[in-house]
Amino acid sequence: MTIESYNAERFSDITENVKRIKENIAVAAEKSGRKAEDISLMAVTKTVDTLFINHAIDNCGINLIGENRVQEFLSKRDELHLQNTEAHLIGHLQTNKVKQIVPYVSMIESVDSVRLAKEISKECAKINKTMDILVEVNVGMENSKFGIDSVLLGEFLAEIGEIPNIKVKGLMAIPPICETSQGVKRFFSNMYNMFLDIEAKKLDNIDMHILSMGMSGDYVQAIEEGATEIRVGSSLFGKRVY
Ligand SMILES: *Cc1c(COP(=O)(O)O)cnc(C)c1O
């Protein structure tokens with residue numbers, strides 16, 4: 001196979017995948033009493049070549065991308081067609097990388113410590129920016145995962161609500177791997193209840209508009225349980241090759 005025909009095939013796969021995902025979003029949104037437009041589809045771009053990311057942006061209506069790693073995003077950024085597309089950081093962020101990333105993303109979805117929030121604040125203040133953030137919740141209380149423990153969430157939000165140059169917009173979660181769709185739905189539903197509880201408390205300087213949860217294997221369940229943003233990588237771009 002020539003490189004041209006390989007690329008053409010992948011372009012058409014991506015086009016088909018986005019179409020299918022959007023149809024699934026519409027069905028799941030309706031089941032949860034919402035419209036397709038109420039759900040943001042993020043294309044997760046880790047390991048994906050900029051050629052294919054730009055195809056998704058230019059030809060498939062993708063206007064939100066998510067990258068995990070600071071270095072990888074910075075190395076791709078110049079080639080990406082980001083004029084009308086938002087880029088969010090979704091992977092674990094070390095405080096020593098904050099300075100490099102803050103000018104280039106509109107949201108950091110993986111804030112899970114006061115120390116990190118303060119570092120983002122400090123670097124944003126230097127460039128006169130306010131960074132939208134999501135608080136990552138370790139909904140399955142797994143030792144292996146990043147994120148705030150759900151029992152500490154209220155306290156955490158009260159503390160970071162006071163930090164300047166950052167604005168909390170909602171919550172993000174990666175639930176544990178579950179064998180059944182019922183199993184994962186329970187975690188999504190716990191997240192949704194937390195989201196509603198916090199919203200009802202009307203904490204100072206805390207917005208609860210975005211609930212980012214659901215990936216390739218479980219985005220339908222996530223939407224049915226209240227996700228407002230889903231993060232889809234492999235079922236959109238194809239299997240990742242590391
Ligand atoms: C990789 C990744 C995704 C997408 O995973 P897929 O299963 O490929 O859809 C979503 N969110 C985060 C935080 C990720 O790291």
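Residues numbered from 1 in each chain as written. Predicted model: local features only at pLDDT ≥ 70, side-chain atom pairs only at ≥ 80, totals over all residues. Heavy atoms only, no water.

*Asks:* Hey, could you run me through the packing of helix 1 (residues 3-31) against helix 2 (residues 50-59) in this one?
*Replies:* Each packed pair of helices is defined by two parameters, the angle between the axes and the distance between the axes. One way to put it is that helix 1 packs onto helix 2 with a least axis distance of 10 Å and a crossing angle of 40°. The angle between helix 1 and helix 2 places the two elements in the oblique class. In this structure, helix 1 meets helix 2 at a crossing whose hand is right-handed. The segment helix 1 lies against helix 2, with Tyr6, Asn7, Arg10, Phe11, Ile14 and Thr15 engaging Leu51, Phe52, His55 and Ala56. Within the contact of helix 1 with helix 2, the residues separate by chemical class into six nonpolar, three polar and one charged. (Axes fitted to C-alpha atoms, helices over the stretch in contact; angles between N-to-C directions. Helix = DSSP H or I, 4+ residues; strand = E, 2+ residues; numbered from the N terminus. Parallel < 35°, antiparallel > 145°, perpendicular 65-115°, else oblique. Left-handed = near helix turned anticlockwise from the far one by under 90°. Contact = heavy atoms within 4.5 Å. Nonpolar A, V, L, I, M, F, W, Y, C, P; charged D, E, K, R; others polar.)

*Asks:* Looking at this model, I keep getting lost on the pattern of salt bridges. Mind explaining?
*Replies:* Any two side chains of opposite charge can pair, on the condition that their charged atoms come close. Tallying each qualifying case throughout the model produces 12 salt bridges. We note a salt bridge from Arg77 to Asp78, for which the minimum N-O separation is 3.6 Å. Arg77 gets classed as partly exposed once you look at its relative accessible area, which sits at 27%. Classification of Asp78 as exposed rests on a relative accessible area of 69%. Between Glu142 and Lys145 there is a salt bridge, and its shortest N-O distance comes to 2.8 Å. On the basis of relative accessibility, which here comes to 21%, the residue Glu142 falls in the partly exposed class. (Salt bridge = Lys/Arg side-chain N within 4 Å of Asp/Glu carboxyl O. Buried < 20%, exposed > 50% of the residue type's maximum accessible area, 1.4 Å probe, protein only.)

*Asks:* I would appreciate a short explanation of the site of the ligand in the present structure.
*Replies:* Around the ligand sit Val44, Lys46, Asn68, Ile90, Ile174, Met215, Ser216, Arg231, Val232, Gly233, Ser234 and Arg240, and that is every residue in its neighbourhood. A distance of 2.5 Å separates an oxygen atom of the ligand from a polar atom in the side chain of Ser216. A distance of 2.7 Å is found between an oxygen atom of the ligand and a side-chain nitrogen or oxygen belonging to Arg240. Relative to its free-state accessible area of 390 Å², the ligand is covered by the protein chains to the extent of 89%. Across the shell around the ligand, the residue classes break down as five nonpolar, four polar and three charged. (Near = heavy atom within 4 Å. Polar contact = N/O pair within 3.5 Å; in protein donor to acceptor, adjacent residues only side chain to side chain. Areas by Shrake-Rupley, 256 points an atom, 1.4 Å probe, with all protein chains shown as cover.)

*Asks:* Hey, could you run me through a nonpolar patch on the surface in this one?
*Replies:* A contiguous nonpolar patch, built from Met1, Ile3 and Tyr6 and spanning about 370 Å² of accessible area, is present on the exposed surface. Structurally, the position occupied by Met1 is in the segment before helix 1. (Patch = residues over 30% accessible without salt bridge, like charges linked within 9 Å, V, L, I, M, F, W, Y side chains within 5 Å.)

*Asks:* How do you make sense of helix 7 (residues 181-201) when you look at a structure like this?
*Replies:* Spacing of three or four residues puts side chains on the same side of an α-helix, whose turn is 3.6 residues. With 21 residues, helix 7 should reach 30 Å at 1.5 Å per residue; the first-to-last C-alpha distance of 31 Å fits that figure. Every buried residue of helix 7 is accounted for by Gly183, Val184, Lys185, Phe187, Phe188, Met191, Met194, Phe195 and Ile198. Considering only its buried residues, helix 7 is in contact with strand 5 (131-137), helix 6 (153-160), strand 6 (166-173), strand 7 (206-212) and helix 8 (219-224). Positive backbone phi, at 45°, marks Lys202, one or two positions downstream of helix 7. (Expected span 1.5 Å × (residues − 1).)

*Asks:* Can you walk me through the pairing of strand 7 in this structure?
*Replies:* For a regular strand, side chains alternate in direction, first toward one face of the sheet and then toward the other. Burial of strand 7 is extensive: five of the seven residues sit out of reach of the surface. Pairing of strand 6 with strand 7, which is carried by four bridges, proceeds in the parallel orientation. Note that in strand 7 the partner of Met172 across the bridge is Ser212. You can see the chain leave strand 6, run along helix 7 and come back into strand 7, and the turn it takes is right-handed. (Pairing = 2+ DSSP bridges. Right-handed = clockwise from strand over helix to strand, strands pointing away.)

*Asks:* Looking at this structure, I do not really get the environment of Val135. What am I missing?
*Replies:* Within the secondary structure, Val135 is located in strand 5. Its relative accessible area of 0% is what places Val135 among the buried residues. Sequence separation of Val135 and Val111 is 24 residues, and the distance between their C-alpha atoms is 4.9 Å.

*Asks:* What is the right way to look at the nonpolar core in this model?
*Replies:* Nonpolar side chains in soluble globular proteins tend to end up buried together. Grouped together as the largest cluster of nonpolar side chains are 69 residues, with contacts concentrated most on Ile65, Ile108, Ile120, Ile160, Leu171 and Leu236. Of all the elements, helix 7 adds the most residues to this core, at seven residues. (Core = buried A, V, L, I, M, F, W, Y, C linked by side-chain atoms within 4.5 Å.)

*Asks:* What is the right way to look at a negative patch on the surface in this model?
*Replies:* A cluster of acidic residues, Glu9, Asp13, Glu16 and Glu23, forms a negative patch at the surface. Turning to its location among the elements, Glu16 is positioned in helix 1. (Lys, Arg positive; Asp, Glu negative; His and termini not counted. Charge placed at Lys NZ, Arg CZ, Asp CG, Glu CD.)

None of this, on its own, says anything about what the molecule does.
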